[in-house]
Amino acid sequence: MRFHKSAIMLLALSAEAAAASTPKTLHAFGINQQGGSTLYGALMMDSAGNLYGTAEYGGAHGYGVVYKLTRQSGGGWTETVLYSFKGGSQDGATPHDALVMDAGGNLYGTTSVGGGGCSHTGCGIVFELSPTASGPWTETVLHRFAGGTADGSTPYSGVILDAAGNLYGTTSSGGANGAGMAYELSPNGTSTWNETILHNFTGSPDGATPFASLVFDNAGNLYGTTYKGGSANQGTVFELTPGTGGTWTAAVLHSFHGAPDGSDLFENVILDGAGNIYGSAETGGSANCGLSFKLSPDGSGGWTETILHTFLGIGAQDGENPNALLFDAAGNLYGTTVGGGVDNPGTIFKLTPQTGGEWTETVLYSFTGGNDGAYPSVPLITDRADRLYGTTLWGGPAGDTVGGVAFEFTP
């Protein structure tokens with residue numbers, strides 16, 4: 001259930017789940033449409049503990065907003081709309097993913113449409129928001145996607161930064177083969193940045209329709225997922241390796257096959273210190289409710305998949321359609337599911353490693369679809385006190401099919 005959109009695990013619906021805390025709502029969206037509605041983007045936190053995110057709709061023009069949630073001394077949180085998108089040929093519309101902040105406090109992100117280009121709604125943009133001394137934030141459009149075979153279109157993923165200040169991302173369509181592409185944007189001293197296409201996806205064998213953000217390893221290689229494509233057209237995990245002269249080489253690390261090992265990869269992967277890759281497939285598995293997996297180098301250039309947990313859905317009071325994962329300091333994994341749980345509007349879950357390589361799942365919380373929100377559609381983030389933060393797509397006081405909430409959860 002997405003509105004957009006080998007170890008056997010034990011389901012631990014136990015006293016631990018019953019004793020887990022309830023999410024604390026930091027802000028409810030959609031009551032005042034000026035503040036945004038429909039939260040597909042994950043949160044990010046600055047060094048002062050403030051949260052930043054995007055809402056796909058609402059705002060002054062109805063095309064979505066970038067917002068900040070500021071922690072108050074009394075324990076509450078206050079929303080500030082940093083920017084309302086205008087849509088049309090000059091600005092973006094419907095921001096869909098998380099933001100990233102540079103050392104100067106500037107924010108970078110994407111919108112999935114707007115900016116002119118390939119259709120009447122536009123092909124999407126990459127933007128920068130900069131704070132000013134007087135308070136308002138200033139937007140700069142760094143790139144307008146043109147679509148067609150020469151450029152990408154519809155960037156559902158956000159961007160990531162390297163140490164030199166370059167941005168990297170993916171588009172879900174466009175490019176030389178129409179299957180999406182990976183790109184780099186580099187500052188050139190003007191308001192628009194130079195784009196370099198790192199890879200044009202072909203569908204088979206290397207994947208198609210990348211929805212998720214990229215991630216770097218310590219050597220500067222990029223990793224990501226594709227929703228479809230690969231040898232069975234069920235999605236892939238891929239690596240992009242930089243070479244000489246600005247070239248990049250793509251390699252498929254794993255092609256998914258549906259029921260045996262997952263399908264439909266919407267979310268990004270994460271890496272551990274040993275170079276293993278962890279992620280989630282939204283569907284597939286024995287119940288077709290998705291699964292979480294690990295990919296490990298096999299020592300001969302290949303990768304081996306281990307299924308960490310197969311989700312069983314509402315019938316088993318388990319989640320379904322998992323999002324990306326998050327490590328804690330002890331090596332446990334946390335995540336959310338879009339659906340499933342006791343009432344079906346999604347869950348917060350924990351995966352705990354066991355001796356022998358197995359992992360045990362615990363459902364920490366089942367959303368009700370009421371004031372606590374419904375259908376969390378993004379990965380969690382954490383602070384230094386190990387509190388978890390996330391958003392729900394809809395729900396909260398504004399209702400089940402609008403709004404959304406930002407929440408804090410203590411495992």
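For clarity, every value in this text was computed on a predicted model and none was experimentally measured.

Conventions we followed
Residues numbered from 1 in each chain as written. Predicted model: local features only at pLDDT ≥ 70, side-chain atom pairs only at ≥ 80, totals over all residues. Heavy atoms only, no water. Disulfide = S-S within 2.5 Å. Salt bridge = Lys/Arg side-chain N within 4 Å of Asp/Glu carboxyl O. Buried < 20%, exposed > 50% of the residue type's maximum accessible area, 1.4 Å probe, protein only. Helix = DSSP H or I, 4+ residues; strand = E, 2+ residues; numbered from the N terminus. Lys, Arg positive; Asp, Glu negative; His and termini not counted. Polar contact = N/O pair within 3.5 Å; in protein donor to acceptor, adjacent residues only side chain to side chain. Contact = heavy atoms within 4.5 Å. Pairing = 2+ DSSP bridges. Phe/Tyr/Trp six-rings, centres within 6.5 Å; stacked < 30°, edge-to-face > 60°. Lys NZ or Arg CZ within 6 Å of the ring centre and 35° of its normal. pLDDT = per-residue confidence, 0-100.

Draft legend 1. Representation of the state of the cysteines within the structure. Evaluated as defined, the whole model comprises one disulfide. A disulfide bridge connects Cys118 with Cys123, and the sulfur atoms are separated by 1.7 Å.

Draft legend 2. Expanded view of the pattern of salt bridges. Applying the stated criterion across every chain yields a total of two salt bridges. In this structure, Arg387 engages Asp383 in a salt bridge whose closest nitrogen and oxygen atoms are separated by 2.7 Å. Among the residues examined, Arg387 registers a relative accessible area of 26% and is labelled partly exposed.

Draft legend 3. Molecular detail of the side chain of Asp217. Its place among the elements puts Asp217 in the loop between β19 (215-216) and β20 (222-226). Buried within the structure, Asp217 lacks any salt-bridge partner; its nearest side chain of opposite charge belongs to Lys294, at an N-O separation of 16 Å. A distance of 2.9 Å separates a polar atom in the side chain of Asp217 from the backbone nitrogen of Ala219. The contact partners of Asp217, leaving out residues within four places of it in the chain, are Tyr223 and Leu271.

Draft legend 4. Geometry of the pairing of strand β15 (residues 167-171). Within β15, five of the five residues are buried, which leaves it mostly tucked inside the rest of the structure. With burial as the criterion, each face of β15 is covered, one bearing Leu167, Gly169 and Thr171 and the other bearing Tyr168 and Thr170. Bridge analysis of strand β14 (residues 160-161) against β15 gives two bridges, and the strand direction is antiparallel. Its bridge partner lying in β15, Ile160 is registered against Tyr168. Direction of pairing for β15 relative to strand β17 (residues 181-186): antiparallel, over a ladder of five bridges. Residue pairing in the sheet places Leu167 in a bridge with Leu185 of β17.

Draft legend 5. View of unusual backbone geometry. Ser204 connects to Pro205 through a cis peptide bond whose omega is 10 degrees. Relative to the helices and strands, Pro205 is located in the loop between β18 (194-200) and β19. For Thr154, which is not glycine, the phi dihedral falls at a positive 60 degrees. Note that Thr154 resides in the loop between β13 (152-153) and β14. Given a relative accessible area of 19%, Thr154 falls into the buried group. Positive phi is not limited to glycine here, since Tyr375 has a value of about 60 degrees. Mapped onto the elements, Tyr375 comes out in the loop between β31 (359-366) and β32 (381-382).

Draft legend 6. Just the sheet that holds strand β23 (residues 270-271), in detail. Spatially, β23-β24-β25-β26 is the arrangement adopted by the four strands of the open sheet, whose pairing is antiparallel. Because the sheet does not close on itself, it has two edges, and the strands there are β23 and β26 (303-310). Bridge analysis of strand β24 (residues 277-281) against strand β25 (residues 291-297) gives five bridges, and the strand direction is antiparallel. Across the sheet, residue Ser280 finds its bridge partner in β25, namely Ser292.

Draft legend 7. Quick look at the pairing of strand β12 (residues 137-144). Here strand β11 (residues 125-131) runs beside β12; their pairing, made up of seven bridges, is antiparallel. Residue pairing across strands places Phe127 opposite Val141, the latter belonging to β12. Where β11 hands over to β12, the hairpin turn is made up of five residues, of which Gly135 adopts a positive phi near 120 degrees.

Draft legend 8. Examining the sheet that holds strand β34 (residues 405-409) more closely. Pairing is antiparallel in the open sheet, where four strands are placed in the order β2-β34-β33-β32. Each edge of the open sheet is held by one strand with a lone partner, namely β2 (24-28) and β32. With four bridges joining them, strand β33 (residues 388-391) and β34 adopt antiparallel strand pairing. The residue of β34 that forms the bridge with Thr391 is Ala406.

Draft legend 9. Quick peek at the packing of aromatic side chains. Evaluation of the coordinates by the stated rule reveals 21 aromatic pairs. Cation over ring: Lys228 sits above Tyr227, and NZ or CZ is 5.2 Å from the ring centre.

Draft legend 10. A look at the confidence of the model for the protein chain. Per-chain confidence: the protein chain averages 93 in pLDDT, with 95% of residues scoring 70 or above. In this model residues 1-19 is a low-confidence stretch, pLDDT under 50, and it forms 63 contacts with partners more than four residues away in sequence or in other chains.

Draft legend 11. Up close: the environment of Ser153. Tracing the sequence through the fold places Ser153 in strand β13. Along the primary structure Ser153 and Asn233 are separated by 80 residues, whereas in three dimensions their C-alpha atoms are 21 Å apart. Aside from chain neighbours lying at most four places away, what touches Ser153 is Cys118, Cys123, Phe145, Gly147, Thr171, Ser172, Ser173 and Gly174. Polar contacts involving the side chain of Ser153 include one to the side chain of Ser173, which spans 2.7 Å.

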